[in-house]
Amino acid sequence: MAEENAFSFSLSAHPLALGFFLGFRLAALLTYIFGLIFTSNFVLIFIIVVLLLAADFWNTKNVTGRLLVGLRWWNESSPNGDSIWVFESADPQRVINGTDSRFFWTVLYSTPVIWGLLALLAILKFELIWLSLVIIAVILSATNAMAFTRCDRFGKANGIANSMLARSSRGLMQRFAGGLISRVYGG
């Protein structure tokens, strides 16, 4: 029974964020598919889909990832021009809603696969102009998937390191305090 409701919006801690996360992705996919079927106006469909993909990319990176799974990432340039990935994870004490997490990771990983299948279809149908749009979608969705995967790994590794540091610091402080107290009171 619990598995049936695994993706229920009512179980989400952030249903509005979940709705926008799914909404932008579905809107881009459906606009592309219906635009391909019902119109030959490539420019209009291209503009609408790219705007939806950009909104989805930004929303996922800056809002949805932070709210649903406690992760955020960005890329900076160092003074010498090197690209630096920066990963941010929520406090390890924060409880992540299971429904939000499952929904986020499932949709995050399935979207590049769907766009990849649409790219293959565009190649097989020799619709190379439409392929350019699908390649943009694959790149944006795969970048978010890769970055959040790295961010998740970094957050888990950082959490393990922080807990080890906290334990060793606590032990060091106890030894220091115990030694100080024995010197002051022990003579």
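These numbers were taken from a predicted model, which means no experiment stands behind them.

(A) A look at helix α2 (residues 42–69). Along its length, α2 shows its largest kink, about 50°, at T60. Just downstream of α2, G70 is the residue with a positive phi angle, here 70°.

(B) The arrangement of unusual backbone geometry in detail. Positioned with a positive phi, F126 is a non-glycine residue whose angle comes to about 55°. By relative accessible area, which is 71% here, F126 ends up exposed.

(C) Focus on a nonpolar patch on the surface. A cluster of nonpolar side chains, contributed by L26, L30, F34, I37 and F38, occupies part of the molecular surface with about 530 Å² of accessible area. Structurally, L26 can be placed in helix α1 (residues 15–38).

(D) The arrangement of the side chain of T60 in detail. Following the sequence through the fold, T60 ends up in helix α2. Assessed through its relative accessible area of 0%, T60 is described here as buried. Within polar-contact distance, the side chain of T60 engages the backbone oxygen of D56 at 2.8 Å. The residues contacting T60, other than those within four sequence positions of it, are F21, R25, G65, F104, L108, N144 and F148.

(E) Highlighting the pairing of strand β1 (residues 71–77). With seven bridges connecting them, β1 and strand β2 (residues 83–89) associate as antiparallel partners. From the neighbouring strand, W73 faces β2, where its bridge partner is F87. Counting the residues that bridge the hairpin from β1 to β2 gives five residues, and of these G81 lies at a positive phi of roughly 95°.

(F) The confidence of the model for the protein chain, seen in detail. When pLDDT is averaged across the protein chain, the result is 82; 78% of the residues are at 70 or more. Per-element averaging of pLDDT across the protein chain places helix α4 (residues 128–186) at the bottom with 70 and α2 at the top with 95. Every residue in residues 158–166 scores below 50 in pLDDT, and together they form zero contacts with partners more than four places removed in sequence or on other chains.

The rules behind the values
- Residues numbered from 1 in each chain as written.
- Predicted model: local features only at pLDDT ≥ 70, side-chain atom pairs only at ≥ 80, totals over all residues.
- Heavy atoms only, no water.
- Bend = angle between axes of the 7 residues up to and from the residue.
- Helix = DSSP H or I, 4+ residues; strand = E, 2+ residues; numbered from the N terminus.
- Buried < 20%, exposed > 50% of the residue type's maximum accessible area, 1.4 Å probe, protein only.
- Patch = residues over 30% accessible without salt bridge, like charges linked within 9 Å, V, L, I, M, F, W, Y side chains within 5 Å.
- Areas by Shrake-Rupley, 256 points an atom, 1.4 Å probe, with all protein chains shown as cover.
- Salt bridge = Lys/Arg side-chain N within 4 Å of Asp/Glu carboxyl O.
- Polar contact = N/O pair within 3.5 Å; in protein donor to acceptor, adjacent residues only side chain to side chain.
- Contact = heavy atoms within 4.5 Å.
- Pairing = 2+ DSSP bridges.
- pLDDT = per-residue confidence, 0-100.

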